[in-house]
Protein chains: 2
Amino acid sequence: MADFTVNILGCGSALPTTKHLSSAQIVDLRDKLYMLDCGEGTQVQMRRMRVRFNRLAHIFISHVHGDHCFGLPGLISTLSLLGRTGELVIHGPKDIESFLKPVLHLFCQNLQFDIRFNVIDTSSHELIMEDRSVKIYSIPLIHRVPTCGYLFEEKQKDAHIIREMIDFYQVPVRCLKDIKQGADFVTGDGEVIANHRLTRPAEPARRYAYCTDTIYNPRIVPFIEGVDLLYHEATFAEAELKRAKLTFHSTARQAAEIARMAQVKRLMIGHYSARYDDLSELKKEADAVFPDTILANEGLVVPI
Amino acid sequence: MADFTVNILGCGSALPTTKHLSSAQIVDLRDKLYMLDCGEGTQVQMRRMRVRFNRLAHIFISHVHGDHCFGLPGLISTLSLLGRTGELVIHGPKDIESFLKPVLHLFCQNLQFDIRFNVIDTSSHELIMEDRSVKIYSIPLIHRVPTCGYLFEEKQKDAHIIREMIDFYQVPVRCLKDIKQGADFVTGDGEVIANHRLTRPAEPARRYAYCTDTIYNPRIVPFIEGVDLLYHEATFAEAELKRAKLTFHSTARQAAEIARMAQVKRLMIGHYSARYDDLSELKKEADAVFPDTILANEGLVVPI
């Protein structure tokens, strides 16, 4: 069972087209949903992908450009119409509040739920939030406006108990929680049963890094080293390197360079310029530096 | 050739779904485009329907609820990226300016084109604008916030000249314009040729009325009497009459009542509540009062 997936709602750039919508992703981790960016049309994409609106409590905005946040007013209105009562937290650079506050004032005066803004300092790598399942950090990026990426670091799960051994030593149920978390077991006779005889290690904790929009910036490498999946923008092909620099975006080759330097397990590229009808050029370019790059696409679900 | 069409981009209501998007239409009249409402996702629908962005110069907003205007920020950003320079006029109740001004300030500081707001008094029936092809009037509607409909009244076209008669009387080219507009022709001999011998009458001027959102309101009948096409909201079926009243919306039967009273040529209903998977109930209800009602649908092009 994939209990950690990245769901691509939109992976186009500033000009949404019939092929690629504006940026939006859902990270689904142990049945909680975390949204990354929210371009126009995100709420309808959620319906298309059968995402359950009520499991969403945190939205992370990378930067305050329209193609990353124009879906928020509609999404918030819809959450309200669906009867939401639980708090919604919107994390992002401070202008996200400047954008939404007047809109909420005009359209959502009777919200039955609270919206809390968590203003992110996009210049530093910091723990932004944690819950039972995950720690989420900011990743400083360089773009035309304050921008950050986000790093999802799954919390280590409990070890698996070995049922036969638990039965054999007649371990009481009340001890199981501690054993799963590493405790030894002491029998009635005072015999100490080492934890490793009672458990198998949990799967290693997984990490996902979301880096968009950004100019090529090797300084992010230490923050994303070895992640299981890196999403890195690749707005342009290398032939448009000049334009990439000028607009503070990356090429597919540059995205792959970052992935290679950070020795990530897998790379997914996206945020494609509307000029690319055929993405094979971008994939080929990335593959040459970092083999088997994944192309983001609307509707794609990537297990981590 | 259909030189007057209504193009349905979205005909859902407050909750956009995978079946019906938020309200938006394009009136295409003699190659100029006029937009009616602009819900979230309108710009992508324009691409799907191959609407040419540069032919759009006027947007008419019925009222400042999100499902009628949340597509504006994205559309304006896209017009800017496409290199627009011509003025864009946004007609609507005064809050449309309160919504857009802060958004434009944050996202569109370097627009290369002017946006002009034409604030509409939604309580009266007034001429809002006219150009070479059309006069557009407001229609006062009753909803939870200031709301108006829009009436498109095509200007009378010139009469058709009868080529054989023009040749026979050797009418000089410079006289043709006046003749098309009703002038008689005087030959070199002083003979007066009556206009009706030189021309066939033009097709009658056509009218389209757009009425959404509104509670059942027979007072609009005089404004829309005899129009070639009436779009009237039908958010609910008659079984939800109470809810319709409560939310200041109409039922399908009520929309048909208005059409019948106004003796319009055709009725199109839309703005369907998300609760209706199957619209045949709404159509049946309307047909019983006003036969052959058209159901609006995304992608539908209705010639007038």
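In this text the structure is predicted, and so the values were computed from the model without any measurement.

Overview of the overall build of chain A
Counting its regular elements, chain A contains 11 helices and 18 strands. Expressed as lengths along the three principal axes of its C-alpha atoms, the size of chain A is roughly 75 × 55 × 35 Å. Within the span of chain A, comprising 304 residues, buried residues form 45% of the whole. Looking at chain A alone, contacts between residues at least 24 apart form 63% of all its contacts between residues at least 6 apart.

Regarding the interface of chain B and chain A
Listed as interface residues are 25 residues of chain B and, on the opposing side, 25 residues of chain A. Those elements that place two or more of their residues in the side of chain B that touches chain A are α1 (42–48), α3 (72–81) and α4 (95–107) of chain B. At six residues, the largest contribution of residues to the side of chain B that touches chain A is made by α4(B). Considered class by class, the residues forming the side of chain B that touches chain A number 12 nonpolar, nine polar and four charged.

Side note on the relation of the copies chain B and chain A
Superposition of chain B onto chain A requires a rotation of 180° combined with a translation of 0.0 Å along the rotation axis, giving an RMSD of 0.0 Å. Such a turn and shift between the copies fits a two-fold axis. When C-alpha positions in chain B are compared against the rotation axis, the closest is assigned to Gly41(B), at 2.7 Å. Most of the interface of chain B is mirrored in chain A, where 100% of its interface residues are also at the interface.

Points about the sheet that holds strand β14 (residues 207–211) of chain A
Residue and element names in this part refer to chain A. With respect to topology, seven strands assemble into an open sheet ordered β7-β8-β9-β14-β15-β16-β17, the strand pairing being mixed. The strands lining the two open edges of the sheet, one partner per strand, are β7 (127–130) and β17 (294–295). In terms of strand pairing, β7 meets strand β8 (residues 134–141) through three bridges, oriented antiparallel. Looking at β8, one finds that Leu127 is bridged to Tyr137.

What about unusual backbone geometry?
Residues and elements named next belong to chain A. Omega for the bond connecting Thr212 with Asp213 falls within 30 degrees of zero, at -10°, which places this linkage in the cis form. Take Asp213: it is sitting in the loop between β14 and α8 (221–224). Non-glycine residue Arg30 carries a positive phi angle of around 45°.

Here we look at the sheet that holds strand β15 (residues 229–233) of chain B
Residues and elements named next belong to chain B. If you walk across this open sheet you meet the seven strands as β7-β8-β9-β14-β15-β16-β17, and the pairing is mixed. Every other strand in the sheet has two partners, leaving β7 (127–130) and β17 (294–295) as the edge strands with one partner each. Looking at chain direction, strand β9 (residues 147–154) and strand β14 (residues 207–211) are connected through four bridges and run antiparallel. Each residue of the ladder has a partner; that of Phe152, found in β14, is Tyr208.

Examining the environment of His68(B)
Residue and element names in this part refer to chain B. Structurally, His68 is set in helix α2 (residues 66–69). Residues His68 and Leu36, 32 residues apart in the sequence, show an inter-C-alpha distance of 8.8 Å. What His68 contacts, discounting residues up to four positions off in sequence, is Ser22, Ser23, Asp37, Gly39, Ile61, Ser62 and His63.

Quick notes on the packing of helix α10 (residues 252–261) of chain B against helix α11 (residues 280–289) of chain B
All names here are of chain B. One can describe the packing of α10 onto α11 by two numbers: an axis separation of 8 Å at closest approach and a directional angle of 30°. When the axis of α10 is compared with that of α11, the two are roughly parallel. Note that α10 runs across α11; the crossing there is right-handed. Here Ala252, Arg253, Ala255, Ala256, Glu257 and Arg260 of α10 come into contact with α11, specifically with Leu282, Glu285, Ala286 and Val289. Looking at side-chain class alone, the contact of α10 with α11 contains six nonpolar, no polar and four charged residues.

Quick notes on the pairing of strand β4 (residues 56–60) of chain A
Residues and elements named next belong to chain A. Burial runs high along β4: four of the five residues are buried. By the bridge criterion, four bridges tie strand β3 (residues 32–38) to β4 in an arrangement that is parallel. Residue Leu36 lies in a different strand from β4, and its bridge partner there is Phe60. Between the parallel pair β3 and β4, the chain is carried across by helix α1 (residues 42–48), and the sense of this crossover is right-handed. In the sheet, β4 pairs with strand β5 (residues 88–92) via three bridges, with the strands oriented parallel. Bridging from a neighbouring strand, Ile59 pairs with Ile90 of β5.

Section: the environment of Lys180(B)
All names here are of chain B. When you line up the elements, Lys180 lands in helix α6 (residues 176–180). Assessed through the 17 C-beta atoms surrounding it within 10 Å, Lys180 is described here as partly exposed. Expressed as a C-alpha distance, the spacing of Lys180 and Asp158, which sit 22 residues apart in the sequence, is 5.2 Å. Setting aside chain neighbours within four positions, we find Lys180 in contact with Asp158, Ala159, Ile161 and Thr199.

Quick word on the confidence of the model for chain A
For chain A, the average pLDDT comes to 96, and 100% of its residues sit at 70 or higher. Predicted as a complex, the structure gets a pTM of 0.93 and an ipTM equal to 0.92.

A few points about the environment of Glu87(B)
Residues and elements named next belong to chain B. Within the secondary structure, Glu87 sits in the loop between α3 and β5 (88–92). A tally of 11 C-beta atoms within 10 Å means that Glu87 is categorised as exposed. The residues touching Glu87, leaving out its near neighbours within four places in the chain, are Ala57, Phe113, Asp114 and Arg116.

Some words on helix α4 (residues 95–107) of chain A
For α4(A), spanning 13 residues, the distance from its first C-alpha to its last is 19 Å, which sits close to the expected 18 Å at 1.5 Å a residue. Among the residues of α4(A), Ile96(A), Phe99(A), Leu100(A) and Phe107(A) are the ones counted as buried. Where α4(A) is buried, its residues touch α2 (66–69), α3 (72–81), β5 and β6 (115–119) of chain A together with α2 and α4 of chain B.

Definitions and cut-offs
- Every residue gets a number counted from 1 within its own chain, in the order that chain's sequence is written.
- To label them, take the chains in the order written and letter them from A, then take the ligands in the order written and number them from 1.
- Reporting in this predicted model follows two pLDDT cut-offs: at least 70 for local features of residues, and 80 or more for side-chain atom pairs to be given and counted; totals over whole chains, interfaces and linings ignore these cut-offs and use all residues.
- For the purposes of this entry, the term helix denotes a DSSP run of H or I that reaches at least four residues, the term strand denotes a run of E that reaches at least two, and both are numbered from the N terminus.
- For the exposure call, what matters is how many other C-beta atoms sit within 10 Å of a residue's own: 20 or more marks it buried, 12 or fewer exposed, and in between partly exposed, using C-beta atoms placed from the backbone.
- Placing C-beta atoms from the backbone, we regard two residues as in contact once those atoms come within 7 Å.
- Throughout this entry, Asp, Glu, Lys and Arg are counted as charged residues, while Ala, Val, Leu, Ile, Met, Phe, Trp, Tyr, Cys and Pro are counted as nonpolar. The remaining residues, Gly among them, count as polar.
- Least squares is the method used to superpose the copies, on C-alpha atoms of residues holding a pLDDT of at least 70 in both.
- When DSSP finds at least two bridges between two strands, those strands are taken to pair.
- Helix axes use the C-alpha atoms of the stretch in contact, all axes being lines fitted to C-alpha atoms, and the angles between their N-to-C directions lie in the range 0 to 180 degrees.
- Between 65 and 115 degrees an angle is taken as roughly perpendicular, under 35 as roughly parallel, over 145 as roughly antiparallel, and anywhere else as oblique.
- Each helix crossing is assigned a hand: it is left-handed if the near helix lies turned anticlockwise from the far helix by less than a right angle, otherwise right-handed if that turn is clockwise.
- Assignment of crossover handedness uses the view with strands pointing away from the viewer, where a clockwise path from the first strand over the helix to the second indicates a right-handed crossover.
- Known as pLDDT, the predictor's confidence for each residue is given on a scale from 0 to 100.
- Multiplying 1.5 Å by the helix residue count minus one yields the expected span of that helix.

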